[in-house]
2 protein chains.
Amino acid sequence: MHPNDPRLRSFVDVKPESDFPIQNLPYGVVSTADDPAPRVGVAIGDFVLDLAALQAAKLLDLPEDVFTQSSINAFMALGPNVWRRTRARINALLRHDNPELRDHAELRAKALLPMSQVKLHLPLRVAGFTDFYSSKEHATNVGTMFRDKTNPLLPNWLHIPIGYNGRASTVVVSGTQIHRPRGQLKPPSAELPSFGPCKRLDFELEIGVVVGQSSAMGTMLTEQQAEEMIFGFTLLNDWSARDIQQWEYVPLGPFQAKAFATSISPWIVTREALEPFRVAGPVQDPAPLPYLQQKGANNYDMALEVALRTPAMQQPARISATNFKYMYWSSVQQLVHHASSGCAMSVGDLLGSGTVSGPEKDQLGSLLELSWNGTEPLQLPGGELRGFLEDGDSLVMRGWCQGDGYRVGFGEVEGTVLAAE
Amino acid sequence: MHPNDPRLRSFVDVKPESDFPIQNLPYGVVSTADDPAPRVGVAIGDFVLDLAALQAAKLLDLPEDVFTQSSINAFMALGPNVWRRTRARINALLRHDNPELRDHAELRAKALLPMSQVKLHLPLRVAGFTDFYSSKEHATNVGTMFRDKTNPLLPNWLHIPIGYNGRASTVVVSGTQIHRPRGQLKPPSAELPSFGPCKRLDFELEIGVVVGQSSAMGTMLTEQQAEEMIFGFTLLNDWSARDIQQWEYVPLGPFQAKAFATSISPWIVTREALEPFRVAGPVQDPAPLPYLQQKGANNYDMALEVALRTPAMQQPARISATNFKYMYWSSVQQLVHHASSGCAMSVGDLLGSGTVSGPEKDQLGSLLELSWNGTEPLQLPGGELRGFLEDGDSLVMRGWCQGDGYRVGFGEVEGTVLAAE
């Protein structure tokens, strides 16, 4: 049976609503109180399977140190054939009818770590972070708010998967607290800028593509090459200081408004695990230039949700529910464009999709859009209002693809806002 | 005597016009045919002093593997006190009156490598590449050409050291050939964009700051902290595709127009070696916000030259001669601003100054300005005209600070343009 077969079951008990059935097996980096050295693992139900332990037990046929690492980069560098073979092997080891691990009590005790007892680290060493802007709905909303209601999309938007280089040093794992940034602010009413804590702190719901192979400087990528370079996907919160951005961004784009933090989920879901959930993206009209043309279903049917919990709330409340399938430009198109000038791609490059907004009012991927630049604050359960994020607010994103009786998900990416230092 | 003392002489013969007297000692990474393993060295006259060889001979008191590396990052990570102590020690070892190395024929033969016989590698592993836009003359010229002649500077320019994140993966060392990039082009006369080789390929003369220490996410830097984090400086050519840039850059800034290549000199001149050449920068009016205010001389009196050689020319011809002292925003101000949102800085961050243009017509740091966007092509010796770079053209930048009887320089950064792949 193919590792994605819906009929597969594991000897590890997995509830139907779990993000981590045997059909998923996303990669992460974990450590435990007993063994604080970070190593690579995959999530299965409420457990993490320690791949360094499997490797030490000679159950995986791979270079010796590939999983005793603080990132998945060394594993990614081995390439798509190894990714496929390793996933199939781990999948086989976890099947209910395979005794190799199931009946090896000592190894099981060592390799199956209860999720509640592990520390989850940043799963990849981020080589470069690039952020795209590929939701037509989001670009239209932003253009309507800040530029021209009657002509909100800039002329290049339908031709180029617009993107910019972000800051790799502040990509952090879910659970990392986020200091409110300081920066230069100049509201339209002020004559001169001042320096102080951002007043319009926002999130952006995105999916991150993790590039697992490099490409040479001076060369372009075909659709096929780009596809095979994609190792997997992560949930991504592109924290944004709207007021800093508004003053700084002309003419060279966002800089400090986005540089203070980007949060990702601890789990990288492999491209292969998402294969059953491919769907066609929106029709692209005008047709993209030939180097950007794609055949077949190039998007994913992936549910995405955002929840917010203020210090006064017991539980997070859902404030948005959308789907990755709405994205106008696909991940493959983004990657092909990224390399089109001859830009070398690196193992560990992270490509943010851009804010994922859908066509409906409750499908928007940022507070900027949900509160229409603060003019229509969200009303939360309990009656609190939010135009932008306040200190103490916690933001939680979740994402998953729904199969028949199982779901392939990311876990969550959570971040709580602290006051400016 | 202080290592910068102009009276110092080395037992290695150094001509007055050499970039590498005993007062300089810039760091690079070299290998030789005999020993192809890259290691760290410093330039002295027409030689490279192999620091790994000195270390093996126990003449330097540092962690064992710090110079047997393919980058200077491990050395930089040791911090400013080690930088200072190590430079003083190397300086002492090279003095004409110190017999330790001078009279140790065997070690001298091993450690002093003729420059003509070494291969020069990229000296640092670039953690992040950021490019600023800090010459008022350059920003004024660009604004005059493309925006508003009567009001060329955007409102934020005099308040913010404007910058954007660049692409680290394509920072290459001098001598690397540069493929002309492909990209989306839409001249104003065309209705739709097309994809093909860039037609307006340009250079930008810049100085790069090499950050040698990290800072924590969520914290700001004082002027003093930023100063001490700067390890040194490099010459930098920010290759630019003007036509790609013009179509892609709104609203998120340059992306593929700058992603294909950035060339730097093989030698990182230390901040300490440049101390004698500090000068005051231009008066900043309006006064910067308090977090950006600096005391004392914050610029450097550093001569910069650009030369161009077409395939038909025997020798490069100088096309620009300017000075780093003209920069409006200083390197320290750039670094303080970079961290101001809480952005973590990393060992190996490279900060481009932005194009260095002076007030005069022959002091401009890009062909865009020298040929006024191609409308006034440069006439080269031999009669050829250049609006932008053509295939086969070779671009050479040099830079140095002139002392009394010696100069502290960078060597050169050279790059030749190849046809699009």
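Here the structure is a predicted model, which is why all the values come from computation and not from measurement.

Asks: Residues and numbers for the side chain of B:Glu414, please.
Replies: Residue and element names in this part refer to chain B. Within the secondary structure layout, Glu414 lies in strand S26 (residues 407-418). Buried charge without a partner: Glu414 forms no salt bridge, and the closest opposite charge is Arg309, 5.3 Å away. The residues touching Glu414, leaving out its near neighbours within four places in the chain, are Ser174, Gly175, Thr176, Ser394, Leu395 and Val396.

Asks: Go over the interface of chain B and chain A with me, naming the residues and quoting the values.
Replies: Between chain B and chain A, the contact holds 61 residues from the first and 61 residues from the second. Carbon and sulfur atoms supply 65% of the area that chain B and chain A bury against each other, a total of about 5200 Å² over both sides. For chain B, the biggest contributors to the area lost against chain A are B:Arg167, B:Leu252 and B:Phe255; these three give 15% of the whole. Between the two partners, chain B and chain A, sit 2 salt bridges. The partner of A:Arg167 in a salt bridge is B:Asp349, and the shortest N-O contact between them spans 2.6 Å. Where chain B meets chain A, there are 19 residue pairs in polar contact (both at pLDDT 80 or more). Those elements giving two or more residues to the side of chain B that touches chain A turn out to be strand S6 (129-132), strand S7 (163-165), strand S9 (178-179), strand S10 (182-185), strand S11 (194-197), helix H8 (242-248), helix H9 (256-259) and helix H11 (331-338) of chain B. The greatest single-element share of the side of chain B that touches chain A, amounting to 3 residues, is contributed by S7(B).

Asks: Tell me what's going on with the domain arrangement of chain A, and back it up with residues and numbers.
Replies: Residue and element names in this part refer to chain A. As far as domains go, chain A holds domain 1 (27-121) and domain 2 (129-418). Inter-centroid distance (C-alpha atoms) of domain 1 to domain 2 is 30 Å. At the interface, 21 residues of domain 1 touch 18 residues of domain 2. Contact between domain 1 and domain 2 buries roughly 1500 Å² in total, counting both sides, with carbon and sulfur atoms accounting for 68%. Applying the counting rule to domain 1 against domain 2 returns 1 salt bridge. Our count for the domain 1 to domain 2 interface comes out at 3 residue pairs in polar contact (both at pLDDT 80 or more). Per-element tally for the side of domain 1 that touches domain 2: the top contributor is helix H3 (residues 80-94), with 4 residues. Residues belonging to the side of domain 1 that touches domain 2 are distributed by class as follows: 14 nonpolar, 5 polar and 2 charged.

Asks: How would you explain the packing of aromatic side chains if you had to name every residue and give the values?
Replies: Following the criterion strictly, the structure yields 24 aromatic pairs over all chains and no others. Relative to A:Phe75, the ring of A:Tyr27 lies with its centre 5.0 Å away and its plane at 35°, an arrangement referred to as tilted. Linking A:Tyr27 in strand S1 (residues 27-32) with A:Phe75 in helix H2 (residues 73-76), this pair joins segments that are 48 residues apart in sequence. A relative accessible area of 1% places A:Tyr27 in the buried class. Exposure remark for A:Phe75: the relative accessible area of 0% places this residue in the buried category. Taken together, a centroid distance of 5.3 Å and an interplanar angle of 50° make the contact between B:Trp157 and B:Tyr328 tilted. Of this pair, B:Trp157 sits in the loop between helix H6 (136-146) and S7 while B:Tyr328 sits in the loop between strand S21 (317-323) and H11, placing them 171 residues apart in sequence. Taken together through their ring pairs, the aromatic side chains of A:Tyr27, A:Phe67, A:Phe75, A:Trp83 and A:Phe231 make up a single cluster.

Asks: Tell me what's going on with the sheet that holds strand S5 (residues 118-121) of chain B, and back it up with residues and numbers.
Replies: All names here are of chain B. Read across the sheet, 5 strands follow the order S4-S3-S2-S1-S5 without closing on themselves; strand pairing throughout is antiparallel. A single partner strand is all that each edge strand has here, and the edge strands are strand S4 (112-114) and S5. When strand polarity is set aside, the average angle formed by the axes of neighbouring strands in this sheet is 45°. The sheet contacts of helix H3 (residues 80-94) involve strand S1 (27-32), strand S2 (39-44) and strand S3 (47-50), and relative to S1 the element is tilted by about 60°.

Asks: Residues and numbers for the environment of A:Ala77, please.
Replies: All names here are of chain A. Here Ala77 lies in the loop between H2 and H3. Between the alpha carbons of Ala77 and Ser346 there is a distance of 9.5 Å; along the sequence they are 269 residues apart. Beyond its immediate chain neighbours, meaning those up to four positions away, Ala77 contacts Gly212, Gln213 and Val347.

Asks: Tell me about the pattern of salt bridges, and please be specific about residues and values.
Replies: All names here are of chain A. Summed over all chains, the structure comprises 46 salt bridges over all chains. Measuring nitrogen to oxygen at the nearest pair gives 2.3 Å for the salt bridge that ties Arg278 to Glu227. Linking Arg278 in strand S18 (residues 278-279) with Glu227 in helix H7 (residues 223-229), this pair joins segments that are 51 residues apart in sequence. For Arg278, a relative accessible area of 22% translates into the label partly exposed. The class of Glu227 is buried, set by a relative accessible area of 13%. One network of salt bridges, in which partners are shared, links Asp202, Glu204, Asp238, Arg242 and Lys258.

Asks: Could you give an account of the relation of the copies chain B and chain A, naming the residues involved and the relevant values?
Replies: Between chain B and chain A, the superposition needs a rotation of 180° and an axial shift of 0.0 Å, giving an RMSD of 0.0 Å. Here the transformation between the copies is reduced to the relation of a two-fold axis. Relative to the rotation axis, the closest C-alpha in chain B is found at B:Gly253, a distance of 2.1 Å. The share of interface residues of chain B whose copies in chain A are also at the interface is 100%, consistent with both copies meeting through the same surface.

About the thresholds
- Residues numbered from 1 in each chain as written.
- Chains lettered and ligands numbered in written order.
- Predicted model: local features only at pLDDT ≥ 70, side-chain atom pairs only at ≥ 80, totals over all residues.
- Heavy atoms only, no water.
- Helix = DSSP H or I, 4+ residues; strand = E, 2+ residues; numbered from the N terminus.
- Buried < 20%, exposed > 50% of the residue type's maximum accessible area, 1.4 Å probe, protein only.
- Lys, Arg positive; Asp, Glu negative; His and termini not counted.
- Salt bridge = Lys/Arg side-chain N within 4 Å of Asp/Glu carboxyl O.
- Contact = heavy atoms within 4.5 Å.
- Buried area = accessible area lost by both parts, 1.4 Å probe.
- Polar contact = N/O pair within 3.5 Å; in protein donor to acceptor, adjacent residues only side chain to side chain.
- Domains from an automatic or database assignment.
- Nonpolar A, V, L, I, M, F, W, Y, C, P; charged D, E, K, R; others polar.
- Phe/Tyr/Trp six-rings, centres within 6.5 Å; stacked < 30°, edge-to-face > 60°.
- Pairing = 2+ DSSP bridges.
- Axes fitted to C-alpha atoms, helices over the stretch in contact; angles between N-to-C directions.
- Least-squares fit on C-alpha atoms with pLDDT ≥ 70 in both.

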